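What the coordinates show
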Amino acid sequence: MEPKWAGSVQRRTLSNAFQDPTSYVHLISNREIHREPFYNVFDWGKFCAYSSYLRKKFTGMSNVTHIATATTATAPPPPTTTTTTTTTNTTATSAPRATMTATTATAPLPTTTTTTTVTSAPRKKSKPWKGSHEREMIRQQLMKPSSVINSWTTKEIYDSHSRFSDNFLWKDFKRNVDNLRATTEWLLQIAAEENDLFALHMRLFPETLITNTGCPVWHTHPAKDLLEKDVANGLHLDFKPAELWEMRDEYMEFTLKVFGKHVHQEKSKQIQEPYWVVKRNKMARKIFADDAKKMATKWIEDGDD
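Read on for a plain summary of the structure. (Residues numbered from 1 in each chain as written. Predicted model: local features only at pLDDT ≥ 70, side-chain atom pairs only at ≥ 80, totals over all residues. Heavy atoms only, no water.)

From N to C terminus, the protein includes 12 helices and 4 strands. In the protein, which comprises 305 residues, the proportion classed as buried is 26%. Considering only contacts in the protein between residues 6 or more positions apart, those separated by 24 or more positions represent 61%. With an accessible surface of roughly 21,400 Å², the protein has 57% of that area assigned to carbon and sulfur atoms. (Helix = DSSP H or I, 4+ residues; strand = E, 2+ residues; numbered from the N terminus. Buried < 20%, exposed > 50% of the residue type's maximum accessible area, 1.4 Å probe, protein only. Contact = heavy atoms within 4.5 Å. Areas by Shrake-Rupley, 256 points an atom, 1.4 Å probe, with all protein chains shown as cover.)

Quick look at a nonpolar patch on the surface now. A cluster of nonpolar side chains, L200, L204 and F205, forms an exposed patch at the surface whose accessible area comes to about 310 Å². Accessibility expressed as a relative area gives 55% for L204, which makes it exposed. (Patch = residues over 30% accessible without salt bridge, like charges linked within 9 Å, V, L, I, M, F, W, Y side chains within 5 Å. Salt bridge = Lys/Arg side-chain N within 4 Å of Asp/Glu carboxyl O.)

Judged by nonpolar contacts, the single largest core of 15 residues is most densely connected at W129, I138, I157, F164, F173 and W299. Of all the secondary structure elements, the ones that give two or more residues to this core are α4 (133-142), α5 (154-159), α7 (170-204) and α12 (273-302). Residues V9, I28, F38 and A182 belong to the second largest nonpolar core, which totals 14 residues. (Core = buried A, V, L, I, M, F, W, Y, C linked by side-chain atoms within 4.5 Å.)

Glancing now at the pattern of salt bridges. A full pass over the atoms with the stated rule returns 10 salt bridges. A salt bridge links E134 to K127; the nearest nitrogen and oxygen atoms lie 3.4 Å apart. The closest approach of N and O atoms between R163 and E134, which form a salt bridge, is 3.0 Å. With R163 in helix α6 (residues 162-167) and E134 in helix α4, the pair connects residues that are 29 residues apart, well separated along the chain.

On to the packing of aromatic side chains, then. Within the structure shown, the criterion is met by 15 aromatic pairs. For the ring pair Y251 and F259, a centre distance of 4.6 Å and an interplane angle of 35 degrees mean the geometry is tilted. No difference in accessibility class separates Y251 from F259, as the two residues are buried. Among the aromatic residues, those joined into a cluster by ring pairs are W129, W152, Y158, F164, F168, W170, F173 and W299. Between K155 and the ring centre of W170, over which it is positioned, the NZ or CZ distance is 4.9 Å. (Phe/Tyr/Trp six-rings, centres within 6.5 Å; stacked < 30°, edge-to-face > 60°. Lys NZ or Arg CZ within 6 Å of the ring centre and 35° of its normal.)

Moving on, we get to the layout of surface pockets. Taken as a whole, the largest pocket spans an internal volume of roughly 1,300 Å³. In terms of lining, the largest pocket is formed by 45 residues, of which the most central are Y24, D172, R175, N176 and N179. Every element with two or more residues in the lining of the largest pocket is listed here: α1 (9-19), α4 and α7. Broken down by element, the lining of the largest pocket gets its largest block of residues, 15 residues, from α7. Each residue belonging to the lining of the largest pocket can be placed in one class, and the counts come to 17 nonpolar, 11 polar and 17 charged. (1 Å grid on protein atoms, 1.4 Å probe; cavity = no way out; pocket = protein on both sides within 12 Å on 5 of 7 lines; lining within 4 Å. Points joined across faces, edges and corners; volume = space filled by probe spheres on them. Nonpolar A, V, L, I, M, F, W, Y, C, P; charged D, E, K, R; others polar.)

What follows deals with the packing of α1 against helix α3 (residues 44-59). Contact geometry of α1 with α3 gives a least axis separation of 9 Å together with a crossing angle of 35 degrees. Handedness of the crossing formed by α1 with α3: right-handed. Residues R11, L14, S15, F18 and Q19 of α1 lie in contact with α3, whose contacting residues are F47, S51, L54, R55, F58 and T59. Looking at the contact of α1 with α3 residue by residue, the class counts come to 5 nonpolar, 4 polar and 2 charged. (Axes fitted to C-alpha atoms, helices over the stretch in contact; angles between N-to-C directions. Left-handed = near helix turned anticlockwise from the far one by under 90°.)

Taking 1.5 Å of rise per residue, the 16 residues of α3 would be expected to cover 22 Å, and the 21 Å separating its terminal C-alpha atoms lies within 8% of that figure. By the burial criterion, the buried members of α3 are F47, S51, S52, L54 and R55. The elements touched by buried residues of α3 are α1 and α2 (30-34). Its side-chain oxygen 3.1 Å from the backbone nitrogen of G45, D43 forms the N-cap of α3. G60 sits one or two residues past α3 and shows a positive phi near 85 degrees. (Expected span 1.5 Å × (residues − 1). Polar contact = N/O pair within 3.5 Å; in protein donor to acceptor, adjacent residues only side chain to side chain.)

The geometry of helix α8 (residues 222-232) relative to helix α11 (residues 256-271) is characterised by a closest axis approach of 10 Å and an angle of 55 degrees between their N-to-C directions. Judged by the angle between their axes, α8 and α11 are oblique. In terms of crossing hand, the pair formed by α8 and α11 is right-handed. Packed against α8, whose contacting residues are L227, E228, V231 and A232, the element α11 presents F259, H262, V263, E266, K267, K269 and Q270 at the interface. Of the residues that constitute the contact of α8 with α11, the class distribution is 5 nonpolar, 2 polar and 4 charged. (Parallel < 35°, antiparallel > 145°, perpendicular 65-115°, else oblique.)

What follows deals with the side chain of H221. Turning to its location among the elements, H221 is positioned in the loop between α7 and α8. Owing to a relative accessible area of 11%, H221 belongs among the buried residues under this scheme. Of note is the side chain of H221, whose polar atom sits 2.8 Å from the side chain of E253. For H221, the residues in contact, after removing those within four places along its chain, are P216, E250, E253 and F254.

Below, the structure is given as structure tokens:
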């Protein structure tokens, strides 16, 4: 569900950014701000109105416009000039005078227009932040209230390991880490509220160990994990549900009818492609998170080694 804008962490963060003349938000459009995961929780149409209002309130502009053109033109050609020369030849005799007129005209110079495009010198680019091990390292530590980096400034984090300074420009790193701090603060607040609600629910409605059918609760019973492994190993192809049911004491805690339904559900789940896609993605995320955790532990304990 979309959070409320009024009083949200995103609104406070964006208001402070617009009031800071050195903030990066003055250089990017409302659409580029909305692409940040921290602000992407809001609908684009609503966020555009919110962001435009704050930008106009503090800067006088509703959005940012990028203009980068440079054109140089030569001066207009010099005017065409005409020179007339008159020469009079006189002889010793009384011959009639001869008059000679010479006219010289200069050709017009061609007009040339030169367009020069100003290009900035090549500079180092930051690696993609999303999906990077560096982001995951910092995220895991920020999610721990006892982590030492919660008391560090963004600059101290940037200087604490060569992975950050080698792979990211300072302004990009600062923007990403500041957004990550705000996001984790918001997530921790939501998690604390949901934990309180869950604890209250469990006190009011404690979970029973036995269902109305007289069988144990399936999703918390060891039989669930055992059946998933047995189906993955193909035992359901060699044995009927009744034969599988008799193979384990955990299975026999359920009636044969209830157990048979769970066997068919597990077969269907593992045959379907989405099951394998989700399982593959979970394994990949776990490997990625474990790698980042090892890097973060070495970073915090040993420093930049």
